[in-house]
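Residue strings, one per chain:
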Amino acid sequence: MQVFEEIQALLLQHKPFVCYVKPNEAVWNLLVQQTDEIIEFSNQAGFVFMPFHEGKQLVIPFEGNNFSQGNLENLEKKPTESFTSESNQKEAFENLVSKGVSTIQQGKFDKVVLSRKIVLKEQIAIVETFQNLISTYPTAFRYLFFHPKIGLWMGATPEQLVKINQNQFETVALAGTQLYSENVIWATKEIEEQQFVTDYIVTKVKDKVNNLIVSDAKTVSAGNLAHLKSFISGELTADFQANDLIKALHPTPAVCGLPKEKAIDFILKNEGYNRKYYAGFLGEYNKDNQTDLFVNLRCLEVENDVVNIYVGCGITKDSNSEKEFFETENKSMTMRNILVSK
Ligand SMILES: C=C(O[C@@H]1C=C(C(=O)O)C=C[C@H]1O)C(=O)O
């Protein structure tokens, strides 16, 4: 298990790196930065790590740094610990959701994604937890990102922001959540919530790209959850390139809301904490002319001696605040289920 030993060593040396495994692949990718400076993204080809709103837009450039790949061998599941959060956020989160619902009902906006940070006052074994994350969520984009001046994040996200190959692009509209079962049936609220996301993306790009194709929404699984997902693809044009598309998409209504500016404003004024890199995006930018980016969901941050798990859910006029609270609890299980104690 060469790569995991190497990760352990990099953590001890405080070197910036990212290790990632793409959805449905069994190849690990490791990119190690040779210095410990903060490199801000300015279009360099590299692995990008972008915040939701404010904060450093980071890149580990491919040029001048060490990139390696290898096959993952069978990973034995390490024993997990079920840590509990000391603070009870139920009432505060339900109040936040109620405020979101009433603001929507007043016609201020159509959708807002509200989130919270669950703090576990525990220390985890980073490498073993990352191994569990890789083996438990084979269909997700799985990563561990470390920068001594930024922090340590890991996640298993089900959501692609965009994939671009030459001038072909693909993105998804992902929304609507329930616990996964054999026969998933969707309520109007979730169908409408997902349709908002599809419509928004289509409106943003339809006059700018060629050959736009939008699929019907399908049920997909992500860990213990089911979501609704549509695939959207098309061709970039000379006037609308990768960066324009990324700017048009991020943050999508799947993690922010609709209309975008009003939803961001509500989030910044009311959530009461900094999302940092949660609901931002990350991945390969312009690697051999391809870009493969994911939305940073189902993730955690290790900060001093605590673990922060970030979770959110889409609020529409029909949201029930208690149901939404339990939806965030369910989403937190993606990370909680794989934690290994130090
Ligand atoms: C915001 C999150 O997930 C997003 C919100 C969803 C929803 O509201 O149903 C579903 C998938 C994601 O687009 C999260 O996991 O924190």
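Residues numbered from 1 in each chain as written. Predicted model: local features only at pLDDT ≥ 70, side-chain atom pairs only at ≥ 80, totals over all residues. Heavy atoms only, no water.

Some points on helix α4 (residues 188–205)
Then step 1. With 18 residues, α4 extends 26 Å between its outermost C-alpha atoms, agreeing within 8% with the 26 Å of an ideal straight helix rising 1.5 Å per residue.
Then step 2. Among all positions in α4, only Lys189, Glu190, Glu193, Gln194, Phe196, Val197, Thr198, Tyr200, Ile201, Val202 and Val205 are buried. (Helix = DSSP H or I, 4+ residues; strand = E, 2+ residues; numbered from the N terminus. Expected span 1.5 Å × (residues − 1). Buried < 20%, exposed > 50% of the residue type's maximum accessible area, 1.4 Å probe, protein only.)

Structural notes on empty space enclosed by the protein
Then step 1. For the structure on display, the rule yields 1 cavity of 30 Å³ or more.
Then step 2. Taken as a whole, the largest cavity holds about 190 Å³ of empty space.
Then step 3. As for the largest cavity, its lining consists of 21 residues, and the residues nearest its centre are Ala254, Leu297, Arg298, Gly312 and Lys331.
Then step 4. Secondary-structure elements contributing two or more residues to the lining of the largest cavity are β6 (111–120), β10 (168–179), β18 (306–315) and α7 (321–336).
Then step 5. Per element, the largest residue contribution to the lining of the largest cavity is 5 residues, and it comes from β18. (1 Å grid on protein atoms, 1.4 Å probe; cavity = no way out; pocket = protein on both sides within 12 Å on 5 of 7 lines; lining within 4 Å. Points joined across faces, edges and corners; volume = space filled by probe spheres on them.)

Focus on the environment of Asp305
Then step 1. Considering the arrangement of structural elements, one finds Asp305 in the loop between β17 (299–303) and β18.
Then step 2. Residue classification places Asp305 among the partly exposed residues on the basis of a relative accessible area of 49%.
Then step 3. For the pair Asp305 and Lys247, spaced 58 residues apart in the sequence, the C-alpha separation amounts to 35 Å.
Then step 4. For Asp305, the residues in contact, after removing those within four places along its chain, are Leu120, Lys121, Glu122 and Gln123.
Then step 5. A distance of 3.4 Å separates a polar atom in the side chain of Asp305 from a polar atom in the side chain of Gln123. (Contact = heavy atoms within 4.5 Å. Polar contact = N/O pair within 3.5 Å; in protein donor to acceptor, adjacent residues only side chain to side chain.)

Comments concerning the sheet that holds β6
Then step 1. The 9 strands lie next to each other as β5-β2-β1-β7-β8-β17-β18-β6-β14, forming an open sheet whose pairing is antiparallel. Strand pairing shows two members of the sheet lacking a second neighbour, β5 (66–71) and β14 (257–258), which therefore form its edges.
Then step 2. Relative to β18, α7 is tilted by about 140°, and along the sheet it contacts β6, β8 (151–157), β17 and β18. (Pairing = 2+ DSSP bridges. Axes fitted to C-alpha atoms, helices over the stretch in contact; angles between N-to-C directions.)

Focus: the packing of helix α2 (residues 90–105) against α7
Then step 1. The contact between α2 and α7 brings their axes to 9 Å, and the two run at 120°. The angle between α2 and α7 places the two elements in the oblique class. Regarding α2 and α7, the two cross each other, and that crossing is right-handed. Of α7, the residues touching α2 (which contributes Lys90, Phe93, Glu94, Val97 and Ser98) are Ser321, Glu322, Glu324, Phe325, Phe326 and Thr328. (Parallel < 35°, antiparallel > 145°, perpendicular 65-115°, else oblique. Left-handed = near helix turned anticlockwise from the far one by under 90°.)

A word on the confidence of the model for the protein chain
Then step 1. Considering every residue of the protein chain, the mean pLDDT works out to 95; 100% of them sit at 70 or more.
Then step 2. Here the predicted complex scores 0.97 on pTM and 0.98 on ipTM. (pLDDT = per-residue confidence, 0-100.)

Re the side chain of Ser332
Then step 1. As for its placement among the helices and strands, Ser332 is situated in helix α7.
Then step 2. With relative accessibility at 0%, the residue Ser332 sits in the buried group.
Then step 3. If near-sequence neighbours (up to four positions away) are discounted, Ser332 is found in contact with Ile118, Ile309 and Val311.

A closer look at the environment of Glu193
Then step 1. Inspection of the secondary structure assignment puts Glu193 in helix α4.
Then step 2. Beyond its immediate chain neighbours, meaning those up to four positions away, Glu193 contacts Lys111, Ala175, Gly176, Gly314 and Thr316.

Looking at the nonpolar core
Then step 1. Grouped together as the largest cluster of nonpolar side chains are 69 residues, with contacts concentrated most on Val112, Tyr143, Val162 and Leu245.
Then step 2. Non-local contacts of Val112, meaning those with residues more than four positions away in its chain, are made with Gly100, Ile104, Cys256, Gly257, Ala263, Phe266, Ile267, Cys313, Gly314 and Ile315.
Then step 3. Membership of the second largest hydrophobic core comes to 37 residues, among which are Cys19, Val32, Ile134 and Leu152. (Core = buried A, V, L, I, M, F, W, Y, C linked by side-chain atoms within 4.5 Å.)

Section: unusual backbone geometry
Then step 1. Cis rather than trans, the peptide bond between His250 and Pro251 has omega equal to -10°.
Then step 2. In this fold, Pro251 is placed in the loop between α5 (242–249) and β14.
Then step 3. Cis geometry marks the peptide bond from Leu258 to Pro259; its omega dihedral reads -15°.
Then step 4. Mapped onto the fold, Pro259 is located in the loop between β14 and α6 (260–270).
Then step 5. In the Ramachandran plot, Asn211 falls in the positive-phi region, its phi being about 50° despite a non-glycine side chain.
Then step 6. Notably, Asn286 is not glycine yet its phi reads approximately 55°, a positive angle.
Then step 7. Its location among the elements puts Asn286 in strand β15 (residues 281–287).
Then step 8. In this structure Asn286 comes out as partly exposed when scored by relative accessible area, which is 34%.

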